[in-house]
Structures are given as structure tokens and as C-alpha cells.
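So the chains spell out like this:
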Amino acid sequence: MTIYTGYVTIPHSSYDEFKNATLGNGYNYDNTYGCQCYDVAAEFWWNVGFPQGYPHITNSSAYTMWDLRGENTSYGGVQYFDLVFTLSDVKKGDMMVFAGTTDNPYGHNGLADRDYLGWNPSDYEFPILSQNNGGTPVAQGGSTMNVHGYDTRLFLGAFRYKAWHTTPPTPTPTGIRRGIPKSKFPFVLYARKFRNNRY
């Protein structure tokens with residue numbers, strides 16, 4: 001296990017390469033509040049070609065990267081991400097964004113560990129790769145990268161890295177959720193990250 005601070009180069013020619021490079025490690029790009037889920041998004045956006053400070057969020061909340069999706073798909077005239085609006089359209093490697101709850105108002109984000117199509121769940125726990133949910137606790141806060149289930153009823157949308165997929169998702173924006181339902185994950189602790197500065 002290695003805990004990284006600051007922005008670090010991560011191999012990402014494919015989702016599996018990214019997963020193998022990060023699994024079991026922790027990422028704390030701003031050296032604040034330990035290894036939170038948003039740290040992974042910040043590292044990923046920077047690695048694919050965005051400047052530091054992306055994806056934009058507000059109110060220190062991971063779920064708002066979806067609210068600001070228009071600012072988080074392209075930079076410098078290059079579109080790096082397609083938007084995924086429907087859960088059934090999610091593919092392995094998509095950065096999924098989940099709504100906040102009364103227990104966790106900040107929401108959550110993580111990379112889909114498989115295609116949603118063909119998944120036969122016994123519950124709503126779809127497997128994603130992220131940190132600060134499961135994993136090994138980190139002294140500064142949060143926890144390390146691991147694959148764990150997350151409640152699909154909280155799904156807001158996803159970002160599909162275009163270099164990993166040649167087929168764009170269905171463009172119709174349907175089923176976007178914005179409510180804050182009661183969480184079934186009271187054990188997930190999120191510390192507020194002061195990321196309200198816009199870059």
C-alpha cells in the first residue's frame with residue numbers, strides 16, 4: 001500500500017491498467033482530509049489531459065461534478081468524455097457519479113468495474129473502483145482504492161473516457177436523479193473538502 005499526495009502519473013491505457021496500478025493504494029491530491037473519492041476523479045482528469053483543478057465541483061461535494069458536467073467533458077478544444085445518462089448504458093471504466101444522502105450529503109464517485117448490461121444483481125450493489133468506501137483506512141482520513149458495491153438507486157450519470165470506448169452512449173438524458181434519499185451506508189464518513197475555487 002502506498003499513499004500518494006499531489007498529482008501523480010498513473011498508467012491508463014485501459015481501465016484494467018488503471019485499476020491494476022491503483023488497487024490497494026491511496027490518493028490524496030490536495031493533502032487534505034485523506035483519501036476521498038473525489039481525489040481519484042481529480043487524478044484521473046489530470047492524467048487524461050485536463051489541467052489541475054478538474055473536474056469542477058461546488059460545495060465540496062463529489063456529486064456536483066455531474067451538475068457541472070458541461071464544464072467537465074472537454075478542455076482546450078478536445079472532448080475527453082462522453083456523458084452517460086442511463087444506468088443500463090454504463091460500461092466498464094465509466095466514472096459513475098452518485099447522489100448524496102442524508103448520511104452522506106457529498107455523494108460518491110467511482111469507476112464501473114464491469115458493464116451494467118448482463119449484470120444480474122441480487123441487490124442494488126453495483127461493483128465500482130473507488131476509495132473512501134471499503135478498502136484500508138488511512139490515518140489522515142478516508143480509505144484506499146478497492147472494488148466494492150454501491151447503490152445504483154443513487155446513480156446520477158457517468159463520464160465515459162472516449163479513449164477507452166469507441167461506441168458513444170445513448171444521447172437521450174433520461175432518469176437523472178437529484179434527490180437525497182436515506183443512505184444505507186452510515187459507515188461511510190466524508191470530510192468536507194474545500195474545493196469551491198474554480199479553475
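As shown above, the structure is provided for reference.
Residues numbered from 1 in each chain as written. Predicted model: local features only at pLDDT ≥ 70, side-chain atom pairs only at ≥ 80, totals over all residues. Heavy atoms only, no water.

By the element assignment, P11 lies in the loop between strand 1 (3–5) and helix 1 (15–22). Note on P11: relative accessible area 40%, which makes it partly exposed. Spatially, the C-alpha atoms of P11 and N47 are 8.4 Å apart, while their sequence positions differ by 36 residues. Setting aside residues no more than four positions away along its own chain, P11 makes contact with E17, F18 and A21. (Helix = DSSP H or I, 4+ residues; strand = E, 2+ residues; numbered from the N terminus. Buried < 20%, exposed > 50% of the residue type's maximum accessible area, 1.4 Å probe, protein only. Contact = heavy atoms within 4.5 Å.)

Before going further, it helps to examine the environment of S88. Inspection of the secondary structure puts S88 in the loop between strand 5 (81–84) and strand 6 (95–98). Measuring from C-alpha to C-alpha, the distance between S88 and G118 comes to 9.3 Å, with 30 residues separating the pair along the chain. Apart from residues lying up to four places away in sequence, S88 is in contact with Y116 and L117.

A word on the packing of aromatic side chains. The tally for this structure, following the rule as stated, stands at 27 aromatic pairs. Summarising the aromatic geometry, the rings of F44 and W45 are spaced 6.1 Å apart at their centres and angled 75° between planes, so their arrangement reads as edge-to-face. There is no split in this pair, since F44 and W45 are both buried. Pairing Y116 with F126 gives two aromatic rings, centres 5.6 Å apart and planes at 45°, and the pair type is tilted. With Y116 in the loop between strand 7 (108–112) and strand 8 (125–130) and F126 in strand 8, the pair connects residues that are 10 residues apart, well separated along the chain. By relative accessible area, which is 0% here, F126 ends up buried. (Phe/Tyr/Trp six-rings, centres within 6.5 Å; stacked < 30°, edge-to-face > 60°.)

Moving on, we get to the pattern of salt bridges. Using the criterion set out here, one finds 5 salt bridges in the structure. Among the salt bridges present, the one from K19 reaches D113, with a minimum N-O distance of 3.0 Å. You can see K19 sitting in helix 1 and its partner D113 sitting in the loop between strand 7 and strand 8, a full 94 residues away along the chain. Across the pair, exposure class does not vary: K19 and D113 are buried alike. Between D151 and R153 there is a salt bridge, with its nearest N and O atoms 2.9 Å apart. A relative accessible area of 35% means that R153 is categorised as partly exposed. (Salt bridge = Lys/Arg side-chain N within 4 Å of Asp/Glu carboxyl O.)

A word on helix 2 (residues 37–48). The terminal C-alpha atoms of helix 2, which comprises 12 residues, lie 18 Å apart, in line with the 16 Å expected from a rise of 1.5 Å per residue. Burial in helix 2 covers these residues: C37, Y38, D39, V40, A41, A42, E43, F44, W45, N47 and V48. Among the residues trailing helix 2, G49 stands out with phi positive, at a value near 140°. (Expected span 1.5 Å × (residues − 1).)

For M65, the position within the fold is in helix 3 (residues 64–67). Here M65 falls in the buried class, since its relative accessible area comes to 0%. Spatially, the C-alpha atom of M65 lies 9.9 Å from that of G157, the residues being 92 residues apart in sequence. In this view, M65 contacts Y38, A41, P55, H56, I57, N72, V97, N109 and F159; residues no more than four positions away in its chain are not counted.

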